Amino acid sequence: MQGLLTIMLFLISFASVAQSPFIKNKVIAHRGAWKNNAFPQNSIASLREAIRLGCEGSEFDVWMTADEVLVINHDAEFEGMEIEQVTYKELLTKTLPNGEKIPTLKEYLQEGMKQNKTKLILEFKPSGISVARSEKIGELVVKTVHELHAEDWVEYITFSYEGGLKAIATDPEAKVSYLTGDKSPSQLRSAGFYGFDYNFRILKMKPEWIQEARELGLITNSWTVNDPETMTWLLDQGIDQITTDEPELLLEILKSRK
Ligand code: MG
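Residues numbered from 1 in each chain as written. Predicted model: local features only at pLDDT ≥ 70, side-chain atom pairs only at ≥ 80, totals over all residues. Heavy atoms only, no water.

(A) Seen up close, the nonpolar core. One finds Phe-60, Val-62, Leu-105, Leu-122, Val-141, Val-154 and Tyr-156 to be the most contacted residues of the largest nonpolar core, which totals 54 residues. By residue number, the principal contributor to this core is helix α5 (residues 131-147), which donates four residues. Not counting residues within four places of it along the chain, the set of residues in contact with Tyr-156 comprises Leu-122, Phe-124, Val-141, Val-142, Val-145, Ala-174, Lys-175, Val-176 and Ser-177. One finds Ile-83, Val-86, Leu-96 and Ile-102 within the second-largest nonpolar core, a separate group that totals 10 residues. (Core = buried A, V, L, I, M, F, W, Y, C linked by side-chain atoms within 4.5 Å. Buried < 20%, exposed > 50% of the residue type's maximum accessible area, 1.4 Å probe, protein only. Helix = DSSP H or I, 4+ residues; strand = E, 2+ residues; numbered from the N terminus. Contact = heavy atoms within 4.5 Å.)

(B) Representation of the pairing of strand β2 (residues 57-64). By the criterion of burial, β2 is predominantly enclosed, with eight of the eight residues buried. Burial of the side chains of β2 extends over both faces: Gly-57, Glu-59, Asp-61 and Trp-63 are buried on one face and Ser-58, Phe-60, Val-62 and Met-64 on the other. Pairing between strand β1 (residues 27-29) and β2: two bridges, direction parallel. Of the residues in β2, the one forming a bridge with Ile-28 is Gly-57. Both β2 and strand β6 (residues 119-124) contribute to a ladder of six bridges, which runs parallel. From the neighbouring strand, Asp-61 faces β6, where its bridge partner is Glu-123. Pairing of β2 with strand β3 (residues 70-72), which is carried by three bridges, proceeds in the antiparallel orientation. Considered in β3, the bridge of Trp-63 is made with Val-71. (Pairing = 2+ DSSP bridges.)

Written as structure tokens, this is what we have:
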């Protein structure tokens with residue numbers, strides 16, 4: 001019995017120190033890596049480029065159609081259609097500028113899961129219709145991630161505090177960070193959030209939040225940082241992740257700091 005217990009403890013400790021295959025270089029490509037190659041934002045092409053560059057994460061935005069299909073797009077509108085007001089089938093009548101159809105969340109996750117170096121930073125958008133719908137989106141994104149067994153790849157971000165709470169209630173292990181910037185690290189910690197992803201202007205006003213969050217075990221991320229001065233400032237503050245339209249630039253800056 002004693003021997004068995006020793007072996008089990010050994011296996012548990014071995015598993016916990018096993019290296020995660022995911023890259024840790026702080027670089028989160030905002031809506032994928034689209035800018036340098038003029039890919040459409042949030043396209044499969046922009047996700048593939050973020051992966052090719054070796055980013056820690058590739059961010060993308062999720063909306064829910066009127067018939068409750070989760071799709072990837074930044075704006076509330078896609079090619080003149082309000083996503084929340086139309087069906088998925090209606091969205092398929094138009095394409096992205098590179099010819100791709102609007103990706104569903106499932107398709108996007110499946111593409112990202114072909115590799116295990118770059119994380120998928122899933123932003124679920126607050127509904128423009130109701131808080132109840134924001135909560136529904138928070139619940140459905142988590143359920144979709146579970147259905148595809150994509151938990152290891154996905155970290156969530158959202159401006160919807162209620163939607164974030166719903167995602168956490170659906171899966172207490174879900175790594176949900178909050179975007180709006182109106183909650184302190186300790187408020188986020190007690191509500192069960194994984195961390196914050198705040199606009200850099202807020203962190204310039206409250207730089208102490210970065211250390212406070214880290215001491216509470218929260219992850220810290222900042223958006224959308226495209227200039228070298230702010231990138232350097234955030235790195236000096238010990239930020240965990242930086243979300244940028246210029247992942248190539250941030251990768252260069254990180255290389256020069258080594
Ligand atoms: Mg976003």
